[in-house]
Amino acid sequence: MTNEPNFIAGQPSEGKVGALIAWALFILSIPSANVLVLIGLVVSYVTRGTATGVARQHIEAQIRLFWSVFWWTIAAWVGIFVSALASVVLIGIPFLLLFLLVWFLLSVWFTVKSVIGLLNLLNDKPI
């Protein structure tokens, strides 16, 4: 007998409630100005230790999603800051608008990806 989690759909798994809560908090990222995303990340890390099966796979996906979007958001904010400084001479205004658009699209993509993850978890589909 191995300690490997069973990823077969329909199997009972521990941690599903935590994964559902984290996906729901991730979905509320835009209306909460990303405050609830941080709480969702904490929930993901806390429930990861006891989660099994499909729920564990979703929790791992939530953590990967957060960190990938986090670093892209930092890059967008650096671009916004540099463009804002350069907009003093009017050269940076198009770049400022571009980086603001990138930041907005990152937020929308994160929310859509979270909705898809929640729907997959409700259907017991692995990611």
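What you see is a predicted model, and the numbers here were worked out from it, not measured in a lab. (Residues numbered from 1 in each chain as written. Predicted model: local features only at pLDDT ≥ 70, side-chain atom pairs only at ≥ 80, totals over all residues. Heavy atoms only, no water.)

By the element assignment, Ala-51 lies in the loop between helix 2 (35-48) and helix 3 (53-86). Taking the C-alpha atoms as reference points, Ala-51 and Glu-14, separated by 37 residues in sequence, lie 4.8 Å from one another. If near-sequence neighbours (up to four positions away) are discounted, Ala-51 is found in contact with Glu-14, Gly-15, Arg-56 and Ile-59. (Helix = DSSP H or I, 4+ residues; strand = E, 2+ residues; numbered from the N terminus. Contact = heavy atoms within 4.5 Å.)

Relative to the assigned elements, Thr-73 resides in helix 3. On the basis of relative accessible area, Thr-73 is assigned to the buried category, the value being 17%. Polar side-chain contacts of Thr-73 include one of 2.7 Å to the backbone oxygen of Val-69. Apart from residues lying up to four places away in sequence, Thr-73 is in contact with Trp-103 and Leu-106. (Buried < 20%, exposed > 50% of the residue type's maximum accessible area, 1.4 Å probe, protein only. Polar contact = N/O pair within 3.5 Å; in protein donor to acceptor, adjacent residues only side chain to side chain.)

Turning our eyes to something else, we now look at helix 2. Counted at 1.5 Å a residue, the expected span for helix 2 with its 14 residues is 20 Å, and the 20 Å between its end C-alpha atoms agrees. Turning to helix 2, its buried residues are Val-37, Gly-40, Leu-41, Val-43, Ser-44 and Thr-47. Here the buried residues of helix 2 occupy an arc of 160 degrees about the axis, which is enough to place them on one side. Elements in contact with the buried residues of helix 2: helix 1 (16-27), helix 3 and helix 4 (93-122). (Expected span 1.5 Å × (residues − 1). Arc of directions from axis to C-beta.)

The next subject is the UniProt feature "transmembrane region" (unreviewed entry) in the protein chain. Feature annotation in UniProt places "transmembrane region" (unreviewed entry) on residues 20-44, 65-91 and 97-122, given in this structure's numbering. When the span residues 20-44 is considered, its composition is 72% helix and 0% strand, and the gap between its end C-alpha atoms is 10 Å. In residues 65-91, helix accounts for 81% and strand for 0%; the two terminal C-alpha atoms are 34 Å from one another. (UniProt positions renumbered as here; feature names shortened; annotations may be inferred.)

For the structure shown, the criterion picks out 7 aromatic pairs. Between Phe-66 and Phe-70, the ring centres sit 5.8 Å apart and the planes meet at 20 degrees, which makes this aromatic pair stacked. Of this pair, Phe-66 and Phe-70 both sit in helix 3, 4 residues apart, which is roughly one turn of that helix. Assessed through its relative accessible area of 7%, Phe-66 is described here as buried. Among the residues examined, Phe-70 registers a relative accessible area of 29% and is labelled partly exposed. Joined through ring pairs, the aromatic side chains of Phe-66, Trp-67, Phe-70 and Trp-71 make up one cluster. (Phe/Tyr/Trp six-rings, centres within 6.5 Å; stacked < 30°, edge-to-face > 60°.)

Before going further, it helps to spend a moment on the packing of helix 2 against helix 3. Look at helix 2 against helix 3: their axes get within 10 Å of each other, and the N-to-C directions meet at 140 degrees. Taken together, helix 2 and helix 3 sit at an angle that is classed as oblique. For the pair helix 2 and helix 3, the crossing hand works out as left-handed. Contacts between helix 2 and helix 3 pair Val-37, Leu-38, Leu-41, Ser-44, Tyr-45, Thr-47 and Arg-48 from the former with Arg-56, Ile-59, Glu-60, Gln-62, Ile-63, Phe-66 and Trp-67 from the latter. Considering only residue class, the contact of helix 2 with helix 3 consists of 8 nonpolar, 3 polar and 3 charged. (Axes fitted to C-alpha atoms, helices over the stretch in contact; angles between N-to-C directions. Parallel < 35°, antiparallel > 145°, perpendicular 65-115°, else oblique. Left-handed = near helix turned anticlockwise from the far one by under 90°. Nonpolar A, V, L, I, M, F, W, Y, C, P; charged D, E, K, R; others polar.)

Scanning the model with the defined rule gives 3 salt bridges in all. Residues Lys-16 and Asp-124 are paired through a salt bridge, measuring 3.1 Å at the closest nitrogen-oxygen approach. Pair noted here: Lys-16 is in helix 1 and Asp-124 is in the segment after helix 4, with a separation of 108 residues, a long-range link. The shortest N-O distance in the salt bridge between Glu-60 and Arg-56 comes to 3.0 Å. (Salt bridge = Lys/Arg side-chain N within 4 Å of Asp/Glu carboxyl O.)

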